[in-house]
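Chain by chain, the residues:
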Amino acid sequence: MPNWSVTNAFRVLTRRKPLEDSTESKLAKVLSAFDLTALGIGSTLGVGVYVLAGEVSKSHAGPAVVLSFLIAAIASIFAGLCYAEFGARVPKAGSAYIYSYVTIGEFIAFLIGWNLILEYAIGSASVVKGLSTYLDSLCGYAMRDFLAEHLPMNVQGLSAYPDLFAFIVTILFSWAIASGAKESTRVNNIFTMLNLGVVLFVIIAGLFKVSSSNWSIPKSQVPEGYGNGGFMPYGVSGVIKGAAVCFYGFIGFDCIATAGEEAKNPKKSIPFAVIVSLGMIFLAYFGVSTVLTMMLPYYAQDESAPLPHVFRIYGWHVAEYVVTIGAMFGLCASLMGAMFPLPRIVFAMSNDGLLFKCLGEISTKYKTPFKGTMLTGLLCGILAAIFNLSQLVNMMSIGTLLAYSMVASCVLMLRYEVDERRDSRILGNGRIAMGQEQPCALWRRLLNLNGQTISTRQTARIVTGTVTMFSIWSFVFSQFLTKFEEDLANTTQLDVWLLILASIPLILMLYIISRQPTSGVQLSFKVPLVPWVPGVSILINIYLMIKLDILTWVRFSIWISIGLAIYLSYSIRHSRLRQREQRNNSIAMMRDASDTALLSQERSKYGNEVPLILMHSSS
């Protein structure tokens, strides 16, 4: 057990993984840019299109669900650009976990990784739950009625019955993914193409029955409990709350980054796949939600299977079954994409010594983390069997929003990181280059009025501190904004001024960051408009986080507490970085002991007049 002084504890918690890790990957490099794009689309176009559009329009936003999807898409696109840069910079398995490990430190990286495990496990459980609901609706809810009658679960906070079908399907998909990356992506590509075909069918077929009157229903015709009618029956607050839930519909593109070690050319294919998949996903969501809310009033939507329901209303039974069967293929693609990254996160953390070693063992036959895949599949199956869909969706949103915020923060820190090679450059006449830290007033350093062009430790510290303060102040600003949008009709001029004043520090901090010199590292893709794009991404993510209900935060806190117990009892002692430090310290101690022994021998030989050359060598 190490000596836990405050300094030592801080050093341990912030030890960082080298950006260029020379460890050879044990995973097979078999995935092309098309495979990664299909993986991103397939993992995302699932519950968001086939379930959430109806649920959010009926309960949260009404026809303005299209705006909820738009807000969620903007937050995701900003986050996607940050993921694309990191994918080009750090093409390793682990996604946001690895990104935070090389930028911030081990403790935060563990929390992010532990958080991602929850995110992907719940994501997989949500998708398989949607698949089960769709199949059940096709069979007249026979499965629900049978299980609720014979296996009821009368536990508050859990589902009414154990979903055995969802559990079995999860285990089968886990086995398929564990059988090989290339094999599982081939199946995913087929599912994704069928999925896109169904989305196009829904949009084109639905256009024949759309009516703009469904976006302007008067309040007198709206049933009690469904808002005030019109385009935004639940107000601006409902649109924002809907965006926080719709954000779940864009979760999935980050699975592209987790497959970095299995991509043939990750530095180019990951940015390409992230950008293309997000663009196609947004168009699909926007088109389907527009057609759905124009075909049928928002309050008449079916929350569990909206698309088959709306075609059933119009008597298009062939279309109803085509959509239902196609949606099942889409949900299968989404399930494959949701489950694919989970064992990769576990593998990366286990490989770094932060999780149990057995979870990261690579199968010699399949070249995949077979044990980790099956165990995480078991976790997903249990979650799918005992929880309902809405609980799972909210839990997943908070984890993903936190991960996206951390990735955006990491992009800022690495873009302005100290450039060791340029910083230490010496000019021919003996003067230090422009990277030298010149003593000057704090405000001049913050605004870089000296015109410094090379990033140094001083400028990197300024950026790190400013990014931290920006994230903290984003919580404060979000509180002002939440109060402002929840009661828009009763806002006063004072409220407007308070909101403006609260936004000034955010703009000032981003301006200070923009004034600092950037690193000279060349990348195949860079986020444009840094620091503004990552800064807006952080703000949007934090704002959406505080919109989630208190029970979601309670469940999230319990999960984090379990993770802290594992880190303090196991990870902190078995970390590969700690073992590497111990080896380096042992080697240094052996050298010191050898030098001391040599010096002692020479003292006995020469007395106190030891030759000067030996004194220098021992020191």
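Below is a short write-up of the structure. Note that the structure is a prediction, hence the values are computed from the model and not measured.

Quick notes on the rules
Residues numbered from 1 in each chain as written. Predicted model: local features only at pLDDT ≥ 70, side-chain atom pairs only at ≥ 80, totals over all residues. Heavy atoms only, no water. Helix = DSSP H or I, 4+ residues; strand = E, 2+ residues; numbered from the N terminus. Buried < 20%, exposed > 50% of the residue type's maximum accessible area, 1.4 Å probe, protein only. Contact = heavy atoms within 4.5 Å. Areas by Shrake-Rupley, 256 points an atom, 1.4 Å probe, with all protein chains shown as cover. Core = buried A, V, L, I, M, F, W, Y, C linked by side-chain atoms within 4.5 Å. Axes fitted to C-alpha atoms, helices over the stretch in contact; angles between N-to-C directions. Parallel < 35°, antiparallel > 145°, perpendicular 65-115°, else oblique. Nonpolar A, V, L, I, M, F, W, Y, C, P; charged D, E, K, R; others polar. Disulfide = S-S within 2.5 Å. Phe/Tyr/Trp six-rings, centres within 6.5 Å; stacked < 30°, edge-to-face > 60°. Lys NZ or Arg CZ within 6 Å of the ring centre and 35° of its normal. Salt bridge = Lys/Arg side-chain N within 4 Å of Asp/Glu carboxyl O. Polar contact = N/O pair within 3.5 Å; in protein donor to acceptor, adjacent residues only side chain to side chain. Patch = residues over 30% accessible without salt bridge, like charges linked within 9 Å, V, L, I, M, F, W, Y side chains within 5 Å.

### Notes on the overall build of the protein
A tally of regular secondary structure across the protein gives 25 helices and 0 strands. By residue count, 54% of the 619 residues in the protein fall in the buried class. When contacts within the protein are restricted to residue pairs at least 6 apart in sequence, long-range pairs at least 24 apart make up 82% of them. If you sum the accessible surface of the protein, you get close to 26800 Å²; carbon and sulfur atoms cover 65% of it.

### Considerations on the nonpolar core
Nonpolar side chains in soluble globular proteins tend to end up buried together. Among the nonpolar cores identified, the biggest contains 151 residues, and Y83, Y97, F110, I117, Y134, L307 and L355 are the most heavily contacted of them. Here the element with the most residues in this core is helix α6 (residues 106–138); it accounts for 16 residues. Beyond its immediate sequence surroundings of up to four residues, Y97 is in contact with A109, F110, I112, G113, L116, A348, M349, D352 and L354.

### Digging into the packing of helix α5 (residues 96–103) against α6
Following both chains from N to C, one finds α5 and α6 inclined at 175°, their axes separated by 8 Å at the closest point. In terms of orientation, α5 and α6 fall into the roughly antiparallel class. Taken together, the residues of α6 that come into contact with α5 (itself represented by A96, Y97, S100 and Y101) are E106, I108, A109, F110, I112, G113 and L116. Residue classes in the contact of α5 with α6 are distributed as 8 nonpolar, 2 polar and 1 charged.

### Focus: the state of the cysteines
The tally for this structure, following the rule as stated, stands at 0 disulfides. With no disulfide of its own, C82 lies 9.7 Å from the sulfur of C410, the closest cysteine sulfur. A relative accessible area of 0% places C82 in the buried class.

### Brief notes about the environment of M349
Examined against the element boundaries, M349 turns out to sit in helix α15 (residues 341–351). Overall, M349 belongs to the buried group, its relative accessible area being 0%. Taking C-alpha positions, M349 is 7.9 Å from G360, a pair spaced 11 residues apart along the chain. Filtering out sequence-adjacent residues up to four positions away, M349 remains in contact with Y97, F110, G113, W114, I117, L354 and L355.

### Observations regarding the packing of aromatic side chains
Scanning the model with the defined rule gives 16 aromatic pairs in all. Between Y97 and Y101, the aromatic rings sit 5.7 Å apart at their centres with planes inclined by 55°, giving tilted as the arrangement. Separated by 4 residues within a single helix, Y97 and Y101 lie in helix α5, roughly one turn from each other. Each member of the pair, Y97 together with Y101, is buried. Consider the rings of Y226 and Y299, whose centres lie 6.4 Å apart with planes at 50°: the pair is tilted. Within this pair, whereas Y226 is found in the loop between α9 (181–206) and α10 (235–246), its partner Y299 is found in the loop between α12 (266–295) and α13 (306–313), the two being separated by 73 residues in sequence. Positioned above the aromatic ring of Y141 is the side chain of R144, whose terminal nitrogen or guanidinium carbon lies 4.3 Å from the ring centre.

### Some remarks on the environment of V65
Along the polypeptide, V65 turns up in helix α4 (residues 65–89). Exposure remark for V65: the relative accessible area of 0% places this residue in the buried category. In this structure, the C-alpha to C-alpha distance between V65 and F231, residues 166 residues apart in sequence, is 9.2 Å. The residues contacting V65, other than those within four sequence positions of it, are A53, V56, S57, C246, S289 and T293.

### Comments concerning α15
Across the 11 residues of α15, 10 count as buried, placing the element largely inside the fold. When we look at burial in α15, the residues that qualify are P341, L342, P343, R344, I345, V346, F347, A348, M349 and S350. One or two steps after α15, the chain reaches G353, where phi turns positive at roughly 85°.

### Quick word on the pattern of salt bridges
Counting across every chain of the model gives 5 salt bridges. With a shortest N-O distance of 3.0 Å, E320 and R312 are connected by a salt bridge. Classification of E320 by relative accessible area gives buried; the value is 8%. With a relative accessible area of 37%, R312 lands in the partly exposed category.

### Here's the deal with the side chain of T466
Its location among the elements puts T466 in helix α20 (residues 457–486). Residue classification places T466 among the buried positions, given a relative accessible area of 4%. Of note is the side chain of T466, whose polar atom sits 2.6 Å from the backbone oxygen of I462. Filtering out sequence-adjacent residues up to four positions away, T466 remains in contact with M509, I512 and I513.

### What to know about a nonpolar patch on the surface
Residues V476, F480, L494, V496, W497, L498, I500, L501 and I504 make up a contiguous nonpolar surface patch of roughly 780 Å² in combined accessible area. When residues of the nonpolar patch are assigned to their parent elements, the largest contribution, 7 residues, is made by helix α21 (residues 493–515). Looking at the secondary structure, you find L494 in helix α21. Here L494 falls in the exposed class, since its relative accessible area comes to 57%.

### Details of the environment of L412
Within the fold, L412 resides in helix α17 (residues 389–415). The class of L412 is buried, set by a relative accessible area of 1%. It is 9.8 Å that separates the C-alpha atoms of L412 and T103, two residues lying 309 residues apart in sequence.

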